[in-house]
Amino acid sequence: MRKTSLDCVYELAKKDKRVIFVGSDLGPGVLDDFKNNISDRFFMEGVAEQYIIGMSAGLAKEGFIPYVNTISTFITRRCYEQVAIDLCLHNLPVRLIGNGGGLVYAPLGPTHLAIEDISLMRSIPKMTIISPCDAYEMKNLMMQTLDYKSPIYIRLGRGGEEVITKSVSSFEIGKGILLKKPKEVLVISCGTMTQKSLKVSKILSEQNIEAGVLHINTIKPIDQEKIINNSKNCKLIVTLEEHVRNGGLGSSVLECINDNNKNYINKILRIGLEDKFPEQYGNQQTLQDASGLSDTQIVKKILLNLKK
């Protein structure tokens, strides 16, 4: 997914001279074709995240469209004030591409885990947040970012995720995708947790429980219409995210339900990370299992809530 997003930046740069790439402390070989062929619009600025946000804001004020890329924690948490004041206050068309949303950088410990990035970006006025589930969707959404009027935070997964959206006919920023129609249960997910939602749905169907899957690729602004329309007649609405439950997708769905149909409030089960920093090291799957986000753990939580 990361490679696809950066390849799209290069493709956009070849089409539009306003596009600039700004990287921070990225490894060798990242966008070499861009660097070699459009060197005057390629910048690698080292460990200076707060600086590159200000730099990108200045470029945007001069009519450019900067695409900024580094690790999710550093492009959100470390330079939060610069994102709020330099970008969003002025509603500048800067695209923040965050590598490793969620527990991706598990081997590097809690300093590198982007478990509150959605909450941080969602709280800033004017910020749009997209979280594609695979490389195919990423490509379709990235090509729409060129003329988008506001700042965008693009949350990336690990890379190499299973492609599940090839059959989807159209993609649009701000529009969710119903991958499976709901009956008893509706699972609402974002990013690569949508692959897990489909697996959970399959396990539940083997127990004669039909669970639909609604993929929310844009967490802000969220597709309220699809959430409300597909929640009708469901016994349980489940939100699933690789993010703390405070302020992320689940909170956004709760707000949507509260604003549109309060009768659904008691049907919502939010599944995500607990309100604490992970204390284990390992890989992404290790931390997911430790956080109750394995397929079987999710199914158990859903079955328990259905019984209640």
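None of these values were measured; they are calculated from a predicted model. (Residues numbered from 1 in each chain as written. Predicted model: local features only at pLDDT ≥ 70, side-chain atom pairs only at ≥ 80, totals over all residues. Heavy atoms only, no water.)

Novice: Mind showing me how you'd approach the sheet that holds strand β3 (residues 65-71) here?
Specialist: Sheet strands line up and pair through hydrogen bonds in the backbone, either parallel or antiparallel. The seven strands lie next to each other as β2-β1-β3-β4-β6-β5-β10, forming an open sheet whose pairing is mixed. Edge positions in the sheet fall to β2 (42-44) and β10 (218-220), since each has one partner strand and no second. Averaged over all neighbouring strand pairs, the angle between strand axes comes to 20°, with direction disregarded. Relative to β2, strand β1 (residues 19-23) runs parallel, the two sharing three bridges. When the sheet's bridge partners are listed, valine 22 is paired in β2 with phenylalanine 43. (Pairing = 2+ DSSP bridges. Helix = DSSP H or I, 4+ residues; strand = E, 2+ residues; numbered from the N terminus. Axes fitted to C-alpha atoms, helices over the stretch in contact; angles between N-to-C directions.)

Novice: Even after reading the chapter, I still don't get the environment of tyrosine 51, so can you show me in this structure?
Specialist: Looking at the secondary structure, you find tyrosine 51 in helix α3 (residues 49-61). Look at tyrosine 51 and you get partly exposed, because its relative accessible area is 47%. (Buried < 20%, exposed > 50% of the residue type's maximum accessible area, 1.4 Å probe, protein only.)

Novice: Honestly, the pattern of salt bridges in this entry has me stumped. Any pointers?
Specialist: Two side chains carrying opposite charge are able to pair once their charged atoms lie near each other. For the coordinates displayed, the defined rule picks out eleven salt bridges. For arginine 18, the salt bridge is made with aspartate 16, and the minimal N-O distance between the two is 2.8 Å. Judged by relative accessible area, which is 32%, arginine 18 ranks as partly exposed. (Salt bridge = Lys/Arg side-chain N within 4 Å of Asp/Glu carboxyl O.)

Novice: Which parts of the structure should I look at to understand the pairing of strand β12 (residues 268-273)?
Specialist: Along any regular strand, the residues point their side chains to alternate faces of the sheet. Summarising burial for β12: five of the six residues are buried, a large majority. Running through helix α10 (residues 249-260), the crossover from strand β11 (residues 236-244) to the neighbouring parallel element β12 is right-handed. (Right-handed = clockwise from strand over helix to strand, strands pointing away.)

Novice: So what exactly am I meant to see when it comes to helix α12 (residues 295-307) here?
Specialist: One turn of the α-helix equals 3.6 residues, which is why residues spaced by three or four share an orientation. The terminal C-alpha atoms of α12 lie 19 Å apart, and with 13 residues this matches the ideal 18 Å at 1.5 Å per residue to within 8%. What α12 keeps buried is the set Ile298, Val299 and Ile302. All buried residues of α12 fall inside an arc of 100° around its axis, so they share one side. The outward face of α12, more than 90 degrees from its buried face, is lined by the exposed residues Thr296, Lys300 and Lys307. (Expected span 1.5 Å × (residues − 1). Arc of directions from axis to C-beta.)

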